[in-house]
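# Examining the three-dimensional arrangement
One-letter residues, chain by chain:
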Amino acid sequence: MSVKFAIIGGTGVYRQDMLENAETTVLDTPYGQAQATLGTYRGNTVAFMPRHGTGHSIPPHRINYRANLWALKSLGVEQIFATAAVGSLQLDVAPGSLVLVDDFLDWTKQRTQTFFEDGQVVHVDMTDPYCNRLRSHLRNTAHELGLSLHDGGTYVCTDGPRFETRAEIRMYQSLGAAVVGMTTAPEVVLAKELEMCYATVAMVTNYCTGISRQALTVDEVVQTMNENAHQLQRLFFTALETIDAKRDCSCGHAVAGQMPLTGANASEQEGRH
Ligand code: HPA
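All of the points below concern the structure found in this document.

Rules and cut-offs
Residues numbered from 1 in each chain as written. Predicted model: local features only at pLDDT ≥ 70, side-chain atom pairs only at ≥ 80, totals over all residues. Heavy atoms only, no water. Helix = DSSP H or I, 4+ residues; strand = E, 2+ residues; numbered from the N terminus. Rg over C-alpha atoms; globule rule 2.2 N^0.38 Å. Contact = heavy atoms within 4.5 Å. Areas by Shrake-Rupley, 256 points an atom, 1.4 Å probe, with all protein chains shown as cover. Lys, Arg positive; Asp, Glu negative; His and termini not counted. Charge placed at Lys NZ, Arg CZ, Asp CG, Glu CD. Polar contact = N/O pair within 3.5 Å; in protein donor to acceptor, adjacent residues only side chain to side chain. Near = heavy atom within 4 Å. Nonpolar A, V, L, I, M, F, W, Y, C, P; charged D, E, K, R; others polar. Core = buried A, V, L, I, M, F, W, Y, C linked by side-chain atoms within 4.5 Å. Buried < 20%, exposed > 50% of the residue type's maximum accessible area, 1.4 Å probe, protein only. Pairing = 2+ DSSP bridges.

Attention now moves to the overall build of the protein chain. The secondary structure content of the protein chain amounts to six helices and 11 strands. The C-alpha radius of gyration of the protein chain comes to 19 Å, within 12% of the 19 Å expected for a compact globule of 273 residues. In terms of principal-axis extent, the alpha carbons of the protein chain reach across some 60 × 45 × 35 Å. Residue pairs at least 24 apart in sequence account for 82% of intrachain contacts in the protein chain once pairs closer than 6 positions are excluded. In the structure as shown, the protein chain presents an accessible area of about 12,800 Å², 48% of it carried by carbon and sulfur atoms. Positive and negative charge centroids in the protein chain, built from 21 and 29 side chains respectively, lie 2 Å apart.

Before going further, it helps to spend a moment on the side chain of Gln79. Topologically, Gln79 is positioned in strand S5 (residues 79–88). Among the polar contacts listed, one links the side chain of Gln79 to the side chain of Arg133, at a separation of 2.9 Å. Within the structure, the side chain of Gln79 is placed 3.0 Å from the backbone oxygen of Asp244, a separation counted as a polar contact. Excluding its chain neighbours within four sequence positions, the residues that come into contact with Gln79 are Lys4, Phe5, Ala6, Arg133, Leu134, Cys197, Ile243, Asp244, Ala245 and Arg247.

Near the ligand lie 13 residues; those nearest to it are Ala85, Gly87, Glu164, Thr205 and Asn206. In the model, a nitrogen atom of the ligand is placed 3.2 Å from a nitrogen or oxygen of the Ala85 main chain. Take Asn206: an N or O atom from its side chain is 2.7 Å from a nitrogen atom of the ligand. When the free accessible area of the ligand is taken as 260 Å², the share hidden by the protein chains comes to 96%. Sorting the residues of the shell around the ligand by element identifies S5, strand S10 (179–181) and strand S11 (197–207) as the ones contributing at least two each. Here the shell around the ligand takes three residues from S5, the largest share from any one element. Among the residues forming the shell around the ligand, the class breakdown is eight nonpolar, four polar and one charged.

Quick look at the nonpolar core now. One recurring pattern in soluble globular proteins is that nonpolar side chains are buried together. Membership of the largest hydrophobic core comes to 45 residues, with the highest contact counts inside it found for Leu72, Ile80 and Tyr155. Put simply, the parts of the chain that give this core at least two residues each are strand S1 (5–9), strand S3 (32–41), strand S4 (44–50), helix H1 (65–75), S5, strand S9 (154–157), helix H4 (184–193) and S11. Setting aside anything within four residues of it in sequence, one finds Leu72 in contact with Ala6, Ile8, Ala47, Met49, Val77 and Ile80. By size, the runner-up hydrophobic cluster in this structure holds 33 residues, among which are Leu100, Leu134, Val221 and Cys249.

As a further point, take the environment of Gly53. Within the fold, Gly53 resides in the loop between S4 and H1. Exposure remark for Gly53: the relative accessible area of 13% places this residue in the buried category. C-alpha separation for the pair Gly53 and Gly9, spaced 44 residues apart in sequence, amounts to 9.3 Å.

Another aspect to go through is the pairing of S1. For S1, the tally of buried residues reaches five of five residues, placing the bulk of the element in the interior. Here S1 shows no split at all, with Phe5, Ile7 and Gly9 on one side and Ala6 and Ile8 on the other all buried. Relative to S4, S1 runs parallel, the two sharing five bridges. When the sheet's bridge partners are listed, Ala6 is paired in S4 with Ala47. As paired strands, S1 and S5 are joined by four bridges and run parallel to one another. Among the inter-strand pairings, Phe5 is bridged to a residue of S5, identified as Gln79.

These results come straight from atomic positions and should not be treated as a statement about function.
Put into structure tokens, the structure is as follows:
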């Protein structure tokens, strides 16, 4: 069975009730195991993967991003919708808002960012980290549904699991970012390396530290997510009804243009210079 579409659920999105004949399966990959629920929706087979495990048991810095993305690729997935809980850096992007992010600042320090190692050298292009075709489809779908969606915004990714300091938030604001979360990097990068289309709709669950008056708590994040997750579900499943399986974007050959250098031909090339 080939599964062309996937939804990666972030904080507060652990189950997918819209899928018919849903079955949860454990997938083996060279990087470890990953879990996904496979089911159908209006004729399309869809994989649902809760990024933090069922019941939020895996913190952001312990997620096996490579196993998750590899597992989706091995199922045949080509297009991924991802959700993410984020804090807002901007007063006009209030808790409960949806943001269709279009860029990221990677502030993580200890995550493996690539599948290409051990002699393979690939530098994947990040001009458009998130698939423009998927983003445009989500934007149009939100418009049809009358859902308010902030179009564009830079996602700052931190390692977590702690929330940010006030000084960090001032710095991220001065860099012009819109939201802060803990998962887009390396997820979006690994999806690109595997030549899958990937788009994130971030749900603002809180104002970042120092912007809101009270101390930030996980309860606040989860409560806002619970109150608004149905909007994300509506957006993604309506988008799935009308999505084109054919891809005319560049994601499908994000790496193909580059010749991965093996250890042997790398030293040959070096010798020529
Ligand atoms: N910071 C980082 N990650 C988050 C936040 C935040 O304020 N809210 C939800 N995820």
